[in-house]
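A structural walkthrough
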Amino acid sequence: MKPKPYGFVPIAPKAERAPVPGHDVLLPDRYSGVIVLSVETLQPLHIGTGLIRVGEGGTLVGAFQRAGDWLVIPGAAVKGMARAVVEAISFSCAPPVPPGRHPDELPRGNAGSCSGDGTPPRLCPACGLFGFMRGGVRYRGRVGFGQFSAAPGTRTELQRLRQFYNPQPRNAHIYLNDRGEIRGRKFYYHGKRVDPVAAGGRLVYEVVPPGSRFTGELRVTNVTEDELSLLLFALGLDGSFAPKLGYGKPAYLGSVRFALEAANLRKGLQPVGNPVPWLVELAKAYGAVEGPLKEQVAVLRRVLDVDQPQGPPWDPVTRGY
Ligand SMILES: [Zn+2]
């Protein structure tokens, strides 16, 4: 098999579900409040809108997301990324089985998703933090991301890209391990630069260059210290890996670094003094996890290692799949 621009984090061997708290009262042993985060781009970033505008000489350009005239990353994009990492490194629901693969190929102990049974519902860590909806059961979740706005003066550049091919989960040699199980959740490696083969295409995208900065808020309600630790680690706030955002991940776009700028947190009703250094320690604590999730954390760190990017040169035949 030719090297791929992605690796797989093995699915956790089990899911653990617990009753989730409501949103109406601040529980005395839980944390609520606002954490201000910055995002620095390490590679070009494209946050798409689906809108195409006509550029110079009639070229069609995929526009970067804006609020009015201001470049922004929508909170939903950050939330989706954070959820994907949380799912991968906690005892959360197995991912949906991709088309062409079979539920029997999931780990025996983690082959289903949350049902929403119970009052309040019993949910896995990811569904309990980010929200759950199934049948008539809806749980809002206790984590929200606001819009991330670009620093004043942030400019855009144009990035050419080839058309990517769709993932091919029917290819058992890519998607199954030697025991015939789904290899895991897919995460795209970082590269040293946008891959030159991938950049040889005719499609043009508006990107913000490396070194651009955005700022936004993370809001939490009634989260435990362990949940906060998981969530902050998932954003790479321990510094051991960098997540990816936006379009073009197979071509090595979208590498970003989050940083904690400020926080206003309460435990129950009691303000938490000087929370930022404590939050960094919480992020680091999750990275030191022992037991059955140690492998998931180690593989995620290897795949998302941005100091020694693991992304191989692009294969022009498979185009990123
Ligand atoms: Zn779940």
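Residues numbered from 1 in each chain as written. Predicted model: local features only at pLDDT ≥ 70, side-chain atom pairs only at ≥ 80, totals over all residues. Heavy atoms only, no water.

Considering the coordination of the zinc ion
Quick reminder of the rule: Only nitrogen, oxygen and sulfur atoms count as donors, using a 2.8 Å cut-off from the metal that widens to 3.2 Å for Na, K and Ca. Water is left out, so coordination shells may look unfilled. Every angle between 85 and 135 degrees makes a four-donor site tetrahedral, while opposite donors more than 155 degrees apart, with all other angles between 65 and 115, make a four-donor site square planar and a six-donor site octahedral; other sites are irregular. Secondary structure elements follow DSSP: runs of H or I no shorter than four residues count as helices, runs of E no shorter than two count as strands, and numbering proceeds from the N terminus.
Protein-derived coordination of the zinc ion comes from Cys 93 (SG), Cys 114 (SG), Cys 124 (SG) and Cys 127 (SG), at a distance range of 2.1 to 2.3 Å. Classification of the site at the zinc ion rests on its four donor atoms, whose angles at the metal span 97 to 124 degrees, yielding the label tetrahedral. The sequence pattern formed by the donor residues of the zinc ion is C-x20-C-x9-C-x2-C. In this pair, Cys 93 is assigned in the loop between helix H1 (75-89) and strand S8 (122-123) and Cys 114 in the loop between H1 and S8, connecting sequence segments 21 residues apart.

Considerations on the packing of aromatic side chains
Spelled out, the test is: Aromatic rings from Phe, Tyr and Trp, taking only the six-membered ring of Trp, are treated as a pair when their centres fall within 6.5 Å; an angle between ring planes under 30 degrees marks them as stacked, one over 60 as edge-to-face, and anything in between as tilted. Relative accessibility under 20% of the residue-type maximum defines a buried residue, over 50% an exposed one, and the middle range a partly exposed one, all with a 1.4 Å probe and only protein chains included. Distance and angle both matter: a charge sits over a ring if NZ of Lys or CZ of Arg is within 6 Å of the ring centre and within 35 degrees of the ring normal.
Counting across every chain of the model gives 11 aromatic pairs. On the numbers, 5.5 Å between centres and 70 degrees between planes, the contact of Phe 8 with Tyr 175 is edge-to-face. Remark: Tyr 175 occurs in helix H3 (residues 172-175) and Phe 8 occurs in strand S1 (residues 6-9); sequence separation between them is 167 residues. Neither Phe 8 nor Tyr 175 differs from the other in exposure class; each is buried. Among the aromatic side chains, those forming a connected cluster through ring pairs are Tyr 6, Phe 8, Tyr 175 and Tyr 188. Over the face of the ring belonging to Phe 91 we find Lys 14, whose NZ or CZ atom lies 4.8 Å from the ring centre. Here the guanidinium or amino end of Lys 186 rests over the ring plane of Tyr 6, the centre of that ring lying 4.0 Å away.

Examining the pairing of strand S3 (residues 31-41)
So the rule is basically this: For two strands to be treated as a pair, DSSP must find no fewer than two bridges joining them.
Burial of S3 is extensive: eight of the 11 residues sit out of reach of the surface. Bridge analysis of S3 against strand S16 (residues 213-223) gives nine bridges, and the strand direction is antiparallel. The residue bridging Glu 40 from the neighbouring strand is Arg 213, located in S16. As paired strands, S3 and strand S17 (residues 256-267) are joined by 11 bridges and run antiparallel to one another. Opposite Ser 32, over in S17, you have Arg 266 as the bridge partner.

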